[in-house]
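Take a look at the letters that make up each chain.
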Amino acid sequence: MGRFIRGIGLSAYFFLCASILVIFSACGGGVHATKAGSPSAGLPPKPTVGIVVDHQCTKLDRIPVQWIQAAKANLHIAYGHTSHGSQLVTGMEGLVRVKGPLYAFHKGGKAGALDFRDTPFSEPYMDLGYPDRIKWSKETRTYLDSHPEVNVVIWSWCGQVDASVTEIDLYLSLMNELENDYPNVHFVYMTGHLDGTGLRGNVHRRNEQIRAYCRANNKILYDFADIETWNPDGVYYGDKYPNDNCDYSKQADGKRDGNWAIEWQRTHTEGVDWFNCEAAHSQPLNANLKAYAAWWLWARLAGWDGR
């Protein structure tokens, strides 16, 4: 080795070692790496960079089947919500009817289904703002203490994201405390549904507060509001005062005379491009997109890089 180093020079030797290290890293070296792009057994560690699931994550056919299977094999999800948050669930239920057992889920995850526990807490009708802004956190702790197998927790808002800066800071602080106290659990942050007040409205500002915090602190974010802001073709409605029903103002004058979901459904084939399902306070297409994004999230948490 000494003769080799002297022969090529010390600087060249260190450059060679560094190059080998870079090549190893780029090839996916690490505890959970197997074949390139393939899942390994067990849930991977928490991501070191943030994950944002938004309207860009609603292309179901882009999610590799092996990562859907990895999510079903490794995730144990507890989801708390009230009516608006049910859009994810009813969309996922409709997806099973249309696409089949690949997307199967239920509490316990038997027969190869995703272990998805819908409102499993002591009071099922509860969210991030109801009955108050703290109880969800206490319920989460109680549930995790008695169900240590759960490794994903996600809570949604109803209308209570229309709050003060201080109240949203409380939400962010409670989530961060949970992350610190339960380091083996993925906690998913969420924005609140649109309310038609537009880019200058308080709901948009509070959602931006949540987004900024998640970006700055490498959190996992399911951007509920952003998914309601774009149609599947990438047309943006955020500057047209959209609401949770997908109504919007064509002239951006505050008069809601359009509905982007209904318009898209009318020009596309039901059962092929979209499927009918229940969607609380909204249209089926919105719940479709929420379900697609949910599966994107599950795959990312299972270790998929999103590419």
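Residues numbered from 1 in each chain as written. Predicted model: local features only at pLDDT ≥ 70, side-chain atom pairs only at ≥ 80, totals over all residues. Heavy atoms only, no water.

Digging into the overall build of the chain
To be explicit about the condition: Going along the chain from the N terminus, every DSSP run of H or I of four or more residues is numbered as a helix, and every run of E of two or more is numbered as a strand. Buried means the residue's accessible area, taken with a 1.4 Å probe over protein chains only, is under 20% of the maximum for its type, while exposed means over 50%, and partly exposed covers the values in between. Between two residues, a contact is recorded if the distance between any of their heavy atoms is within 4.5 Å.
Helix and strand counts for the chain come out as 10 helices and nine strands. Counting across all 307 residues of the chain, residues that qualify as buried make up 51%. Taking all contacts inside the chain whose residues are at least 6 apart in sequence as the whole, residues at least 24 apart take part in 71%.

Quick notes on the pattern of salt bridges
Here is the rule: We define a salt bridge as a contact between a side-chain nitrogen of Lys or Arg and a carboxyl oxygen of Asp or Glu at a distance within 4 Å.
The full count for this structure, using the stated rule, is 11 salt bridges. Close ionic contact of Glu179 with Lys219 constitutes a salt bridge, the shortest N to O distance being 2.6 Å. In this pair, Glu179 is assigned in helix H6 (residues 165-181) and Lys219 in the loop between helix H7 (202-216) and strand E7 (220-222), connecting sequence segments 40 residues apart. For Glu179, a relative accessible area of 13% corresponds to the buried category. Taken together, the salt bridges that share partners define one network made up of Asp115, Arg117 and Glu149.

Notes on the packing of H6 against H7
Using the following cut-off: Under this scheme, a helix contributes an axis fitted over its contacting stretch, all axes are lines through C-alpha atoms, and angles between N-to-C directions fall in the 0 to 180 degree range. Left-handed describes a crossing whose near helix is turned anticlockwise from the far helix through less than a right angle; right-handed describes the clockwise counterpart. Under this grouping Gly is polar, as are all residues other than the nonpolar Ala, Val, Leu, Ile, Met, Phe, Trp, Tyr, Cys and Pro and the charged Asp, Glu, Lys and Arg.
Running from amino to carboxyl end, H6 crosses H7 at an angle of 30°, the nearest separation of the two axes being 10 Å. As H6 packs across H7, the resulting crossing turns out to be right-handed. Counted together, Val165, Ile168, Asp169, Tyr171, Leu172 and Asn176 of H6 and Arg206, Gln209, Ile210 and Tyr213 of H7 form the full contact between these two elements. Of the residues in the contact of H6 with H7, the class split is six nonpolar, two polar and two charged.

Structural notes on the nonpolar core
A general trend in soluble globular proteins is that nonpolar side chains are found buried together. Definition in use: Buried Ala, Val, Leu, Ile, Met, Phe, Trp, Tyr and Cys residues that are joined via side-chain atoms within 4.5 Å together make up what is termed a nonpolar core.
Tyr222, Trp295 and Trp298 are the most contacted members of the largest nonpolar core, which totals 53 residues. Discounting residues that sit within four places of it in the chain, Tyr222 has contacts with Val53, Leu88, Val188, Tyr189, Met190, Thr191, Ile227, Lys290, Ala293, Ala294 and Leu297. With 27 residues, the next largest nonpolar core counts Tyr171, Leu172, Val185 and Ile210 among its residues.

Brief notes about the side chain of Lys219
What counts here: Polar contact is defined as a pair of N or O atoms within 3.5 Å, subject to the rule that within protein one atom must be able to donate a hydrogen and the other to accept it, and that residues adjacent in sequence are counted only when both atoms are side-chain atoms.
In this structure Lys219 comes out as buried when scored by relative accessible area, which is 9%. A distance of 2.6 Å separates a polar atom in the side chain of Lys219 from a polar atom in the side chain of Glu179. Apart from residues lying up to four places away in sequence, Lys219 is in contact with Gly50, Ile51, Asn176, Glu179, Tyr189, Tyr213 and Cys214.

Quick word on the sheet that holds strand E6 (residues 186-190)
Stated precisely, the cut-off is as follows: Note on pairing: two strands pair once DSSP finds at least 2 bridges between them.
With respect to topology, seven strands assemble into an open sheet ordered E1-E7-E6-E5-E2-E4-E3, the strand pairing being parallel. Every interior strand has two partners, whereas the edge strands, strand E1 (51-53) and strand E3 (105-106), have only one. The strands touched by helix H10 (residues 284-301) within the sheet are E1, strand E2 (76-80), strand E4 (114-118), strand E5 (152-155), E6 and E7, with E7 carrying the most contacts at an inclination of about 165°.

Some thoughts on the side chain of Arg117
Within the fold, Arg117 resides in strand E4. A relative accessible area of 7% means that Arg117 is categorised as buried. Side-chain polar atoms of Arg117 contact the side chain of Glu149, separated by 2.8 Å. Leaving out residues up to four positions away in the same chain, Arg117 has contacts with His76, Ile77, Ala78, Tyr79, Lys107, Tyr143, His147, Glu149 and Val150.

Some details on the packing of aromatic side chains
Which entries qualify depends on this criterion: Any two rings among Phe, Tyr and Trp, with Trp reduced to its six-membered ring, count as a pair given centres within 6.5 Å; such a pair is stacked if its planes are under 30 degrees apart, edge-to-face if over 60, and tilted if neither.
In the structure shown here, the tally under the stated rule is 17 aromatic pairs. Considering the side-chain rings of Tyr79 and Phe116, the 5.9 Å spacing of their centres and the 50° angle between planes classify their relative orientation as tilted. Of this pair, Tyr79 sits in strand E2 while Phe116 is found in strand E4, placing the two residues 37 residues apart along the sequence. A relative accessible area of 0% means that Tyr79 is categorised as buried. Residue classification places Phe116 among the buried positions, given a relative accessible area of 2%. Look at Tyr237 and Trp260: their rings are 6.1 Å apart centre to centre, the planes differ by 20°, and that puts the pair in the stacked class.

Notes on the confidence of the model for the chain
Inclusion rule: Looking at any residue, its pLDDT shows the predictor's confidence there, from 0 to 100.
Across the chain, the average pLDDT comes to 88, with 87% of residues at or above 70. Taken as a whole, residues 1-36 scores under 50 in pLDDT and shows 16 contacts with residues more than four places along the chain or in a different chain.

A few points about H6
Basically, it comes down to this: Expected helix span is computed as 1.5 Å times (number of residues minus one). Throughout, the arc means that of the directions going from the helix axis to the C-beta atoms.
Taking 1.5 Å of rise per residue, 17 residues should cover 24 Å, and H6 covers 24 Å from first to last C-alpha, within 8% of that figure. For H6, the complete set of buried residues consists of Ile168, Tyr171, Leu172, Leu174, Met175, Leu178 and Glu179. Buried residues along H6 cover an arc of 155° about the axis, so they all sit on one side. Facing away from the buried side of H6, by more than 90 degrees, are the exposed residues Thr166 and Asn180. Contact partners of the buried residues in H6: helix H5 (135-146), E6 and H7.

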